[in-house]
Amino acid sequence: MSPIHFAGCRIKITDLWMGTKYIFFQTWEFKGDLYDLSMYMIIDDGTSKATTKVFRSTYYAISVDRLIELLSSAGFSNVKRVESDHYQPIIIGTKKGYRDRE
């Protein structure tokens, strides 16, 4: 079994539904170039039992350099990383459209 990484916890408390608390946290389980993400939501309405839901997805975890290689091999040109203050990398490139192929 691969190690599971805890990826943070965010608690949102709202009075819109009589003080119901929503607690979110996620785990990542890495499997080579893939990782399984599980996002858990606990709904606590103040009674003796809370409701828990989980949402799952699998992602392809690759480096920026590998993504640039894949975009280039798919026919994109001028592929590059844009430096910014955004928390995730921004990659841009251009590709001729269907009408430009003549």
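These numbers come from a predicted model, not from an experiment.

Let's talk about the overall build of the protein chain
Then comes step 1: Secondary structure assignment for the protein chain yields one helix and six strands.
Then comes step 2: Helices and strands in the protein chain line up, N terminus first, as β-β-β-β-α-β-β.
Then comes step 3: Here the protein chain holds 102 residues, and the buried ones make up 15% of them.
Then comes step 4: Sequence-distant contacts, at least 24 apart, represent 18% of the contacts inside the protein chain between residues at least 6 apart.
Then comes step 5: As displayed, the protein chain offers around 8400 Å² of accessible surface, 54% of which is attributable to carbon and sulfur atoms.

Digging into the environment of methionine 39
Then comes step 1: Mapped onto the secondary structure, methionine 39 falls in strand β3 (residues 34-44).
Then comes step 2: Put simply, methionine 39 and phenylalanine 25 are 14 residues apart on the chain and 5.9 Å apart in space, counted from C-alpha to C-alpha.
Then comes step 3: Not counting residues up to four positions away in its chain, the partners in contact with methionine 39 are Phe24, Phe25, Gln26, Lys53, Val54 and Phe55.

Some points on the packing of aromatic side chains
Then comes step 1: This model, assessed by the stated rule, comprises five aromatic pairs.
Then comes step 2: Centre to centre, the rings of tryptophan 28 and tyrosine 35 are 5.4 Å apart; their planes meet at 40°, and the pair counts as tilted.
Then comes step 3: By relative accessible area, which is 30% here, tryptophan 28 ends up partly exposed.
Then comes step 4: Judged by its relative accessible area of 17%, tyrosine 35 falls in the buried class.

Quick look at the pattern of salt bridges
Then comes step 1: For the structure on display, the rule yields two salt bridges.
Then comes step 2: Between aspartate 36 and lysine 31 there is a salt bridge, with its nearest N and O atoms 2.7 Å apart.
Then comes step 3: According to the relative accessible area criterion, lysine 31 is partly exposed, its value standing at 46%.

Things to note about unusual backbone geometry
Then comes step 1: Of note in this structure, asparagine 78 is not a glycine but carries a positive phi near 55°.
Then comes step 2: With respect to the secondary-structure elements, asparagine 78 resides in strand β5 (residues 77-82).
Then comes step 3: Exposure remark for asparagine 78: the relative accessible area of 59% places this residue in the exposed category.

Side note on the pairing of β3
Then comes step 1: Bridge analysis of strand β2 (residues 21-31) against β3 gives 11 bridges, and the strand direction is antiparallel. Among the inter-strand pairings, tyrosine 22 is bridged to a residue of β3, identified as isoleucine 43.
Then comes step 2: The turn linking β2 back onto β3 is made up of two residues, and glycine 32 within it adopts a positive phi angle of 70°.
Then comes step 3: Both β3 and strand β4 (residues 51-60) contribute to a ladder of 10 bridges, which runs antiparallel. What sits directly across from methionine 41, in β4, is lysine 53.
Then comes step 4: Linkage of β3 to β4, two consecutive antiparallel strands, is achieved through a turn of six residues, within which glycine 46 is found at a positive phi near 90°.

Parameters at a glance
Residues numbered from 1 in each chain as written. Predicted model: local features only at pLDDT ≥ 70, side-chain atom pairs only at ≥ 80, totals over all residues. Heavy atoms only, no water. Helix = DSSP H or I, 4+ residues; strand = E, 2+ residues; numbered from the N terminus. Buried < 20%, exposed > 50% of the residue type's maximum accessible area, 1.4 Å probe, protein only. Contact = heavy atoms within 4.5 Å. Areas by Shrake-Rupley, 256 points an atom, 1.4 Å probe, with all protein chains shown as cover. Phe/Tyr/Trp six-rings, centres within 6.5 Å; stacked < 30°, edge-to-face > 60°. Salt bridge = Lys/Arg side-chain N within 4 Å of Asp/Glu carboxyl O. Pairing = 2+ DSSP bridges.

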